Amino acid sequence: YTEDMFADYDLTMGNVFATWCTACINEIPDLQKLWEEMEDQGICVTGIVLDSIDSLGNVDEDAVEKAKVLAQKAEVTYPFLIPDAGYLNGSLAGISAVPTTFFVDKEGNIVGETYTGSRSYEDWESIIEKELSGVVQ
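This section reports on the structure supplied with the text. (Residues numbered from 1 in each chain as written. Predicted model: local features only at pLDDT ≥ 70, side-chain atom pairs only at ≥ 80, totals over all residues. Heavy atoms only, no water.)

Focus: helix α3 (residues 121-135)
When the terminal C-alpha atoms of α3 are compared, their 21 Å separation across 15 residues agrees well with the 21 Å that a helix rising 1.5 Å per residue should span. Of the positions making up α3, those classed as buried are Y121, W124, I127, I128, E131 and L132. Each buried residue of α3 sits inside an arc of 135° when the element is viewed along its axis, so together they form one side. Those residues of α3 hidden inside the fold are in contact with β1 (11-17), α1 (22-38), β2 (43-49), β4 (100-104) and β5 (110-116). (Helix = DSSP H or I, 4+ residues; strand = E, 2+ residues; numbered from the N terminus. Expected span 1.5 Å × (residues − 1). Buried < 20%, exposed > 50% of the residue type's maximum accessible area, 1.4 Å probe, protein only. Arc of directions from axis to C-beta. Contact = heavy atoms within 4.5 Å.)

Now the structure itself:
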């Protein structure tokens, strides 16, 4: 995936999670439901597997394998992304708690608020509507 993926959607939700985080894992089915129900409305959902790289930017194959198993068990169809060595141009460097969720517009700019902690489907639906109204005019 590259920055070009953002151009296809009005708003992309980046949910940063770790494979060891229970709250993160419990939230995945609701994120899958959001993806299924909102993709046609111009919303993209992505999972970003924070623990899949170490502080030096090396891939942690165990975490990548755990993420694959999580995706399979939860029947996830939205993309799980592995950060690059630059932590997605520094966007992930300041994240100290998971899950953390941010939003990106068509041009690849981080927009709106950043949300720490898991949410219910209904909460995310409301947040997405709020964030979408800020980018679509």
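Some thoughts on the pairing of β4
The buried fraction of β4 is high, at five of five residues. A two-sided burial pattern is seen for β4, the buried positions comprising T100, F102 and V104 on one face and T101 and F103 on the other. Here five bridges tie β1 to β4, and the two strands are oriented antiparallel to one another. Bridge pairing in β4 links V16 to T100. Here β4 pairs with β5 via four bridges, running antiparallel. Within β5, the residue paired with T101 across the bridge is Y115. Taking the residues between adjacent antiparallel strands as the criterion, β4 and β5 are bridged by five residues, where G108 takes a positive phi near 90°. (Pairing = 2+ DSSP bridges.)

Quick word on the state of the cysteines
As enumerated under the stated definition, the model contains one disulfide in all. C21 shares a disulfide with C24; S-S distance 2.4 Å. Between C21 and C24, the S-S torsion sits near 80°, and that sign places the bridge as right-handed. The class of C21 is buried, set by a relative accessible area of 7%. Residue C44 stays outside any disulfide, its sulfur separated by 18 Å from that of C24, the closest cysteine. (Disulfide = S-S within 2.5 Å.)

Focus: the pairing of β2
Counting buried positions along β2 gives seven out of seven residues, so the element sits mostly inside the fold. Crossover β1 to β2 through α1 is right-handed. Read from β2 through helix α2 (residues 61-73) to strand β3 (residues 80-81), the crossover connection turns out right-handed. (Right-handed = clockwise from strand over helix to strand, strands pointing away.)

Regarding the packing of aromatic side chains
Evaluation of the coordinates by the stated rule reveals five aromatic pairs. Judged by centre distance (5.6 Å) and plane angle (65°), the ring pair of Y78 and F80 falls under edge-to-face. Judged by its relative accessible area of 5%, Y78 is buried. Judged by relative accessible area, F80 falls into the buried class, the value being 19%. When the ring of F103 is compared with that of Y115, the centres are 6.1 Å apart and the planes differ by 85°; the resulting orientation is edge-to-face. Residue F103 is located in strand β4, and its partner Y115 is located in strand β5; the two are separated by twelve residues in the primary sequence. By relative accessible area, which is 1% here, F103 ends up buried. Given the relative accessible area of 6%, Y115 is considered buried. Through pairs of rings, three or more aromatic residues link up here, namely F17, Y78 and F80. Residue placement shows K33 over the ring face of Y121; its charged tip is 4.3 Å from the ring centre. Positioned above the aromatic ring of W124 is the side chain of R119, whose terminal nitrogen or guanidinium carbon lies 5.6 Å from the ring centre. (Phe/Tyr/Trp six-rings, centres within 6.5 Å; stacked < 30°, edge-to-face > 60°. Lys NZ or Arg CZ within 6 Å of the ring centre and 35° of its normal.)

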